[in-house]
Amino acid sequence: MCVSDLARSLAWYREVFFGCTADEVIGEEHLWRVGENAWLVIDARDVRAARVGGSMVTFGVSGAELSSALARFASHDVAHGPVETYSNGVRHVEVQDPDGNSLSLAAVP
């Protein structure tokens, strides 16, 4: 995830989106483990500047994880899109980080 302000983004991802600190820090990259072999990386280096705000990621979560995320968003006054329920029962919501990167959560029934 390319971001413009590392401190601001780390606080947002730590407090609002994930609710925890990064699992690893490698050089200037901060990594959250989101699956057995999957990581979300926050990177604010100048070499990434042209890509800031252009990312879109969807995470599969449990219903409880979706509810917890929505509560965190509310507690930080962070706006998000509507919580939609698709015909197959999947509940979906999108939120944007401070740079406009799109993060979606999809909970399978």
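Before going into details, it helps to say that this report is about the structure given with it. Residues take numbers from 1 onward in each chain, read along the sequence in its written order. Per-residue local features are limited, in this predicted model, to residues with pLDDT of at least 70; the limit for side-chain atom pairs, both in listing and counting, is 80 or more; totals at the level of whole chains, interfaces and linings are taken over all residues. With hydrogens and water excluded, all non-hydrogen atoms of the structure serve as input to the side-chain values.

1. Focus: the sheet that holds strand 6 (residues 91-96)
Note on sheets: strands pair through backbone hydrogen bonds, and any given pair is parallel or antiparallel. The strand order across the open sheet built from 4 strands is 4-7-6-5, with neighbouring strands paired in mixed fashion. With one partner strand each, in any of the chains shown, strand 4 (56-61) and strand 5 (84-85) form the two edges of the open sheet. Following DSSP output, two strands are said to pair if at least two bridges run between them. Only DSSP runs of H or I reaching four residues or more are called helices, and only runs of E reaching two or more are called strands; each is numbered from the N terminus. Relative to strand 7 (residues 102-107), strand 4 runs parallel, the two being bridged by 6 bridges. When the bridges of strand 7 are listed, Met-56 appears paired with Ser-102. In what follows, residue pairs with any heavy atoms lying within 4.5 Å of each other are defined as contacts. Axis definition: a line fitted to C-alpha atoms, over the contacting stretch in the case of helices. Angles run 0 to 180 degrees between N-to-C directions. Its contacts with the sheet put helix 1 (residues 6-17) on strand 4, strand 6 and strand 7, and the angle it makes with strand 7 is roughly 20°. Seen against the sheet, helix 2 (residues 63-75) touches strand 4, strand 6 and strand 7 and runs at an angle of roughly 35° to strand 6.

2. Description of the packing of aromatic side chains
Stacked, tilted and edge-to-face pairs are distinguished by plane angle, under 30 degrees for stacked and over 60 for edge-to-face with tilted covering the rest, among Phe, Tyr and Trp rings (Trp via its six-membered ring) whose centres lie within 6.5 Å. Evaluated as defined, the whole model comprises 10 aromatic pairs. When the centroid spacing of 5.6 Å and the interplanar angle of 50° are considered together, the rings of Phe-17 and Phe-59 count as tilted. Linking Phe-17 in helix 1 with Phe-59 in strand 4, this pair joins segments that are 42 residues apart in sequence. Here Phe-17 and Phe-59 have matching classes, each one buried. Ring centres of Phe-18 and Trp-32 lie 5.1 Å apart, and the angle between their planes is 15°; on these two criteria the pair is classed as stacked. With Phe-18 in the loop between helix 1 and strand 1 (24-26) and Trp-32 in strand 2 (residues 29-35), this pair connects stretches of sequence that are 14 residues apart. In this structure an aromatic cluster arises from ring pairing among Trp-12, Tyr-13, Phe-17, Phe-18, Trp-32, Phe-59 and Phe-73. Only protein chains enter the accessibility calculation, which uses a 1.4 Å probe. A residue is then buried if its area is under 20% of the maximum for its type, exposed if over 50%, and partly exposed in between.

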